[in-house]
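Observations on the three-dimensional arrangement
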Amino acid sequence: GTKIEDGMPTIHFSVKLSAIVYEAWRQIDGIYVHKEDIKNALKGLLRRASEYHVVIIIDKEEYGYRDFTTAILFEVIDELAEEGRDFVISDEQGTLRLGMVVQAYLKDSGKELKDILRWARTNKYRVPIRLVKGAYDEKEKQWAKGVYGSGDPQFNNGKEYPNPVFREKEST
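Residues numbered from 1 in each chain as written. Predicted model: local features only at pLDDT ≥ 70, side-chain atom pairs only at ≥ 80, totals over all residues. Heavy atoms only, no water.

1. Considering the overall build of the protein
Counting secondary structure elements, the protein contains 6 helices and 6 strands. Start at the N end of the protein and walk to the C end: the helices and strands fall as β-α-β-β-α-β-α-α-β-α-β-α. Across the 172 residues in the protein, those meeting the buried criterion constitute 44%. Within the protein, residue pairs in contact and separated by at least 24 positions form 67% of the contacts whose partners lie at least 6 positions apart. (Helix = DSSP H or I, 4+ residues; strand = E, 2+ residues; numbered from the N terminus. Buried < 20%, exposed > 50% of the residue type's maximum accessible area, 1.4 Å probe, protein only. Contact = heavy atoms within 4.5 Å.)

2. Digging into the packing of aromatic side chains
This model, assessed by the stated rule, comprises 6 aromatic pairs. Seen in terms of ring centroids, Trp25 and Tyr32 are 6.3 Å apart; in terms of plane orientation they differ by 75°. Their pairing is edge-to-face. Residues Trp25 and Tyr32 agree in their burial class; the two are buried. On the numbers, 6.0 Å between centres and 75° between planes, the contact of Trp25 with Phe68 is edge-to-face. With Trp25 in the loop between helix H1 (17-20) and strand E2 (27-28) and Phe68 in helix H3 (residues 63-82), this residue pair connects regions lying 43 residues apart in the sequence. (Phe/Tyr/Trp six-rings, centres within 6.5 Å; stacked < 30°, edge-to-face > 60°.)

3. Thoughts on the environment of Tyr63
Its place among the elements puts Tyr63 in helix H3. Sequence separation of Tyr63 and Val165 is 102 residues, and the distance between their C-alpha atoms is 9.1 Å. Excluding residues within four positions of it along the chain, Tyr63 makes contact with Leu106, Asp108, Glu140 and Pro164. There is a polar contact of 3.3 Å between the side chain of Tyr63 and the side chain of Asp108. (Polar contact = N/O pair within 3.5 Å; in protein donor to acceptor, adjacent residues only side chain to side chain.)

4. Quick look at unusual backbone geometry
Positive phi outside glycine occurs at His53, with the angle close to 55°. Position of His53 relative to the elements: it lies in the loop between helix H2 (35-52) and strand E4 (54-59). Of note, Lys124 is a non-glycine position whose phi angle comes to about 60°, a positive value. Judged by relative accessible area, Lys124 falls into the exposed class, the value being 71%.

5. Overview of the side chain of Lys43
Structurally, the position occupied by Lys43 is in helix H2. Using a relative accessible area of 8% as the deciding quantity, one classes Lys43 as buried. A distance of 2.6 Å separates polar atoms of two side chains, one belonging to Lys43 and the other to Glu79. Not counting chain neighbours up to four residues away, the residues in contact with Lys43 comprise Val76, Glu79, Leu80 and Glu83.

6. Topic: the pattern of salt bridges
Tallied over the entire structure, the rule returns 14 salt bridges. Here Glu75 makes a salt bridge to Lys35, at a shortest N to O gap of 3.1 Å. With a gap of 40 residues between them, Glu75 in helix H3 and Lys35 in helix H2 connect regions that are remote in the sequence. Salt-bridge contacts for Lys60 lead to Glu112; the nearest nitrogen and oxygen are separated by 2.5 Å. In this pair, Lys60 is assigned in the loop between E4 and H3 and Glu112 in helix H5 (residues 109-123), connecting sequence segments 52 residues apart. (Salt bridge = Lys/Arg side-chain N within 4 Å of Asp/Glu carboxyl O.)

7. Overview of the pairing of E4
When you tally the buried positions in E4, you get 6 out of 6 residues, the bulk of the element. Burial along E4 is two-sided: the face carrying Val54, Ile56 and Ile58 and the face carrying Val55, Ile57 and Asp59 are both buried. The pairing of E4 with strand E5 (residues 98-103) spans 3 bridges and is parallel. When the bridges of E5 are listed, Ile58 appears paired with Met100. (Pairing = 2+ DSSP bridges.)

Here is the structure:
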């Protein structure tokens, strides 16, 4: 792949975990049944990305899946590093080929970002982050009240939970 002068890849590719594994969010007794499938799919994408100097940015989707998504990314990177595949997970400058979205409309997005940066410093990586205002805020507010439409994912067993979203977008 062609690189620009500062060495950063020219292509950033965004993908949702639910787009790479059918029923990615399916759970039985609180366990994600397709976790290994998701990890294997990400590893495959990373191998291809390393060939073409591409960065893959994983979208976070709904709040209820956010922590699982972040944990999966960390696990994939850690597992590939343990296998000695550093060339697959990062470029020559230590910038990961696998980045993530941070959704600014969530009240705890500052804490999430600090946690990601702490992990990155500990592991000596530069993590590509795409900061977004958020697309799911109205649905998130509705779900926090325990109101679900047909086909909606259900969080907290369909019961109310603290609203994770700022009341006004200007607060983000």
